[in-house]
Amino acid sequence: MQTHEMPRIGLVGSQGAYGRWLRCFFEDRMGLRVVGHDPHGDTALTERALIESVDVLIFCAPIHQTPSVIRHYVEQAAGAERGQLWLDITSIKAGPVAAMLTSQAEVVGLHPMSAAPKSATLRGRAMVVCEARLDRWRAWLERFLAATEADCVRANADQHDRVMALVQGMVHATHMAQGAVLRELAPTVGDLDGIRPFSSVGYELDVAVTRRILASNPVIYQDIQFENPYVAPMLERLAAHIDGLRDLVRQGDDVARERMRETLLTQSRSYVGEQAVAEGSYAFERLGYLLADLREPRYISVFLPLDRPGSLRALLSVFEQRGVNLDSIHSSRSAEGELLFRIGVSRECDAMALRDAIDAIAWQGIGRVVEAAGMATPS
Ligand SMILES: NC(=O)c1ccc[n+]([C@@H]2O[C@H](COP(=O)([O-])OP(=O)(O)OC[C@H]3O[C@@H](n4cnc5c(N)ncnc54)[C@H](O)[C@@H]3O)[C@@H](O)[C@H]2O)c1
Ligand SMILES: O=C(O)C(=O)C[C@]1(C(=O)O)C=C[C@@H](O)C=C1
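Going along each chain's sequence as written, the residues are numbered from 1 onward. Written order determines the labels here, with chains lettered from A and ligands numbered from 1. Only residues with pLDDT of 70 or above have their local features reported here, since the model is predicted, and side-chain atom pairs are shown and tallied only from 80 upward, although totals for entire chains, interfaces and linings are computed over all residues. Side-chain measures here rest on the full set of heavy atoms in the structure, leaving out hydrogens and waters.

- As recorded in an unreviewed UniProt entry, the protein chain goes by the name Prephenate dehydrogenase, listed as coming from Dyella nitratireducens.
- UniProt positions are given in the numbering used here, feature names are shortened, and annotations may be inferred rather than shown by experiment. Taken from UniProt, the Catalytic activity (unreviewed entry) comment for the protein chain reads in full: "prephenate + NAD(+) = 3-(4-hydroxyphenyl)pyruvate + CO2 + NADH".
- What UniProt records for the protein chain under Pathway (unreviewed entry) is the sentence "Amino-acid biosynthesis; L-tyrosine biosynthesis; (4-hydroxyphenyl)pyruvate from prephenate (NAD(+) route): step 1/1."

**Brief notes about the overall build of the protein chain**
Phase 1: Secondary structure elements are taken from DSSP: a helix is a run of H or I of four residues or more, a strand is a run of E of two residues or more, and numbering for both begins at the N terminus. Across its full length, the protein chain holds 15 helices and 11 strands.
Phase 2: The criterion used for residue contact is that any of the two residues' heavy atoms lie within 4.5 Å. Across the protein chain, every contact between residues at least 6 apart in sequence was considered, and the portion connecting residues at least 24 apart equals 67%.
Phase 3: What sets the accessible areas is the Shrake-Rupley method with a 1.4 Å probe; for residues, cover comes only from the shown protein chains. Counting only carbon and sulfur atoms, one obtains 55% of the accessible surface of the protein chain, whose full area is about 21,200 Å².
Phase 4: Only four residue types enter the charge count, namely Lys and Arg as positive and Asp and Glu as negative; His and the chain termini do not. Here the site of a charge means NZ on Lys, CZ on Arg, CG on Asp, or CD on Glu. Measuring between centres, the 40 positive side-chain charges of the protein chain sit 2 Å from its 48 negative side-chain charges.

**A look at the site of ligand 2**
Phase 1: Near ligand 2 you find Ser91, His111, Pro112, Met113, Ser114, Ala115, Gln168, His172, Arg212, Ile220, Tyr221 and Ile224, and these make up its full shell.
Phase 2: Within the side chain of serine 91, an N or O atom sits 2.6 Å from an oxygen atom of ligand 2.
Phase 3: Between an oxygen atom of ligand 2 and a side-chain N or O atom of glutamine 168, the distance comes to 2.8 Å.
Phase 4: Looking at the shell around ligand 2, the elements with two or more residues in it are strand S5 (106-112), helix H7 (157-185) and helix H10 (218-226).
Phase 5: Looking at the shell around ligand 2 element by element, the count peaks at three residues for H10.
Phase 6: Here the residues of the shell around ligand 2 are counted per class, giving six nonpolar, five polar and one charged. Here a residue counts as near a molecule or strand whenever at least one of its heavy atoms sits within 4 Å of it. In protein, a polar contact requires one atom able to donate a hydrogen and another able to accept it; more generally it is a pair of N or O atoms within 3.5 Å, and residues adjacent in sequence count only if both atoms are side-chain atoms. Side-chain classes follow a simple rule in which Ala, Val, Leu, Ile, Met, Phe, Trp, Tyr, Cys and Pro form the nonpolar group, Asp, Glu, Lys and Arg form the charged group, and the remainder, Gly included, forms the polar group.

**Some remarks on a positive patch on the surface**
Phase 1: A surface patch of like charges, here positive, comprises Lys118, Arg125, Arg212 and Arg333.
Phase 2: Note that arginine 333 resides in strand S9 (residues 326-333). Two joining distances apply to patches: 9 Å for like charges and 5 Å for nonpolar side chains (Val, Leu, Ile, Met, Phe, Trp, Tyr), and every residue must have over 30% relative accessible area and no salt bridge. Whenever a carboxyl oxygen of Asp or Glu lies within 4 Å of a side-chain nitrogen of Lys or Arg, that contact is scored as a salt bridge.

**Considering the site of ligand 1**
Phase 1: Around ligand 1, the surrounding shell holds 25 residues, and the nearest of these are Tyr18, Asp38, His40, Ala61 and Ser91.
Phase 2: Separating an oxygen atom of ligand 1 from a backbone N or O atom of glycine 16 is a distance of 3.1 Å.
Phase 3: Here alanine 61 contributes a backbone N or O atom positioned 2.7 Å from an oxygen atom of ligand 1.
Phase 4: Of all the secondary structure elements, the ones that give two or more residues to the shell around ligand 1 are helix H2 (17-29) and S5.

Below you can see the structure in the form of structure tokens.
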């Protein structure tokens, strides 16, 4: 009973990006004891000792290694895992879940649909949950999932992998291809810096996705293409449509134009449906406004203590009292993960009044101004 109330957590791959995030999550948010094993920097416990000292074991190792790592743990456990819960967070589910099912543990595959966040929970992110063999651990699993604050979606492993060929395989493939095309063609038009002033909202969003991929762990993007059997057929379709478009553009006549419109626009529009098309189009517009706000050169970023009700009102009144007009206000996070309010300030506002407002935020103890950009006078 005690085991299912306050289980000890074991992390296989404890030194990786997600392993470190999960350790903080279980210790700080759930008050649980966490131990781990990782060939890179966490070898105090042998694999067998790790298995013996935990109730819940979570595999967070590289995708292509995870099925064999799990099989190795099954061998090491040799039955000691009976009564435990084994989880994994691998981006591909069929192989790891099948490998965990060769154990005698209860088994659930998970897939959080974002990189390890800088926030304490997965709030606002989807997480796929593949219940493969779950019985006595169900209540604890539900508590754990609730604590993550993720938007959980249930699927079996095969369904997950089929969907991921589209959600990840296709999105990553198209953006990696865009990265390669830009690398080859941008030098002919003034390089990336030369292109930037010409950006559309669509270009800016796609560049952000491409650069996110380029900034991340390449092994994950490689494994997502190579380890999911549903990716190759998806790539066939993708390549066929790009090839088809190229052929039509080469053909260049009215028949080709009509064909393109029919196959790549009209048919897809009717498949998506009028309402979803309109909602998606509005989402794009909202992102456009957001990008426009974020591009405004005059803004301040303020860190507000989270545990004080009314602090946002106090912050805004500082500007109101000084007649400083605000263009926008967004809550966001710094690159380090700190929750910030980013306040766009009217370009016409009085520089002295703005400077006074910035000083007041500090001396009235309302918050900490982390950045003040585009100000006429230096701080
Ligand atoms: N990064 C993401 O965007 C993301 C998102 C969701 C799920 N995931 C999944 O999380 C898992 C880990 O991803 P990550 O970003 O933390 O990767 P990572 O490369 O940062 O961490 C993997 C860790 O596993 C360790 N490891 C390698 N072989 C091991 C072994 N035999 N035993 C124990 N540990 C071993 C490595 O030393 C490393 O510290 C992957 O399966 C990935 O698909 C990642
Ligand atoms: O970088 C991010 O935040 C991601 O969302 C990473 C991403 C993705 O691009 O789909 C990559 C691998 C994981 O399986 C989940 C999400």
